[in-house]
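# Descriptive structure summary
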Amino acid sequence: MRKSIPIKARSCCLHEKERVVNELQFCEFSALTPEQRSGCFQQVARSSGERAKECLYS
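A short tour of the structure in this document, coming up. (Residues numbered from 1 in each chain as written. Predicted model: local features only at pLDDT ≥ 70, side-chain atom pairs only at ≥ 80, totals over all residues. Heavy atoms only, no water.)

### Quick word on helix 1 (residues 7–30)
As a reminder, the rule being used: Put simply, DSSP H or I for four residues or longer makes a helix, DSSP E for two residues or longer makes a strand, and each gets a number counted from the N terminus. Expected span of a helix: the number of residues minus one, times 1.5 Å. Remark: exposure states derive from per-residue accessible area (1.4 Å probe, protein chains only) relative to the maximum for the residue type, with buried under 20%, exposed over 50%, and partly exposed in between. Note on contacts: a residue pair is in contact if any heavy atoms of the two residues lie within 4.5 Å.
Taking 1.5 Å as the rise per residue, helix 1 with 24 residues should run 34 Å; its terminal C-alpha atoms sit 35 Å apart, in good agreement. Of all the positions in helix 1, only Ala-9, Glu-16, Val-20 and Cys-27 are classed as buried. In this structure, the buried side of helix 1 is in contact with helix 2 (34–57).

### What to know about the side chain of Glu-16
We count it as follows: Polar contact is defined as a pair of N or O atoms within 3.5 Å, subject to the rule that within protein one atom must be able to donate a hydrogen and the other to accept it, and that residues adjacent in sequence are counted only when both atoms are side-chain atoms.
As for its position among the elements, Glu-16 is in helix 1. Among the polar contacts listed, one links the side chain of Glu-16 to the side chain of Ser-48, at a separation of 2.9 Å.

### Some details on the side chain of Ser-48
Positionally, Ser-48 belongs in helix 2. By relative accessible area, Ser-48 is classed as buried at 11%. When near neighbours in sequence (up to four residues on either side) are disregarded, Ser-48 contacts Glu-16 and Val-20.

Here is the structure:
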């Protein structure tokens, strides 16, 4: 299956993974309560999912 994904999309997805890790770390360190952390995680997941879809369709 990996061979069917274009190199450009792989690169985009790798970049997105790095971005998600950084954003989740930010959530972890900046949230004061578990509810804030959970909300931040959900927001990161939604936006990352949209960007990942764009990577695969580009």
